[in-house]
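Coordinates in review
The residues making up each chain are set out below.
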Amino acid sequence: MLRLRVDSTSTVPPSRQLVEGVLDAIARGALEEGARLPSVRELAAEALVNPNTVAKAYRELQWLGA
């Protein structure tokens, strides 16, 4: 199961932290490319961010083809 966290003290925007977390999980083999990600609400609750932040990250991942 994918576990993503957001560092609220980081200068990197939360949505970008989520994108980098997913890409890192793919690179490490912890998440297969094309695998189903948690729903927006599920990930927002887990990462303690607004669902809009997760939606933005998912749109960026789609654009990247990840």
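Preceding this paragraph is the structure being described.
All of the points below concern the structure found in this document.

1. What about the packing of helix 1 (residues 14–28) against helix 3 (residues 51–64)?
Two numbers describe a pair of packed helices, the interaxial angle and the distance between the axes. With their axes 8 Å apart at the nearest point, helix 1 and helix 3 run at an angle of 50° to one another. Put simply, helix 1 runs oblique to helix 3. Helix 3 is crossed by helix 1, and the crossing has right-handed handedness. Listed contacts from helix 3 to Pro-14, Ser-15, Arg-16, Leu-18, Val-19, Val-22 and Leu-23 of helix 1 are Thr-53, Val-54, Lys-56, Ala-57, Glu-60, Leu-61 and Leu-64. The residue makeup of the contact of helix 1 with helix 3, split by class, is 9 nonpolar, 2 polar and 3 charged.

2. Points about the pattern of salt bridges
Two side chains of opposite charge can pair, provided their charged atoms sit close to one another. Under the defined criterion, the tally for this structure stands at 4 salt bridges. A salt bridge links Glu-20 to Arg-16; the shortest N-O distance between them is 3.4 Å. One end of the pair, Glu-20, and the other, Arg-16, are both in helix 1, 4 residues apart, so they sit about a helical turn from each other. With its nearest N and O atoms 2.2 Å apart, the salt bridge here joins Glu-60 to Arg-16. Remark: Arg-16 occurs in helix 1 and Glu-60 occurs in helix 3; sequence separation between them is 44 residues. Looking at Glu-60, the relative accessible area reads 24%, which means it is partly exposed.

Conventions we followed
- Residues numbered from 1 in each chain as written.
- Predicted model: local features only at pLDDT ≥ 70, side-chain atom pairs only at ≥ 80, totals over all residues.
- Heavy atoms only, no water.
- Axes fitted to C-alpha atoms, helices over the stretch in contact; angles between N-to-C directions.
- Helix = DSSP H or I, 4+ residues; strand = E, 2+ residues; numbered from the N terminus.
- Parallel < 35°, antiparallel > 145°, perpendicular 65-115°, else oblique.
- Left-handed = near helix turned anticlockwise from the far one by under 90°.
- Contact = heavy atoms within 4.5 Å.
- Nonpolar A, V, L, I, M, F, W, Y, C, P; charged D, E, K, R; others polar.
- Salt bridge = Lys/Arg side-chain N within 4 Å of Asp/Glu carboxyl O.
- Buried < 20%, exposed > 50% of the residue type's maximum accessible area, 1.4 Å probe, protein only.

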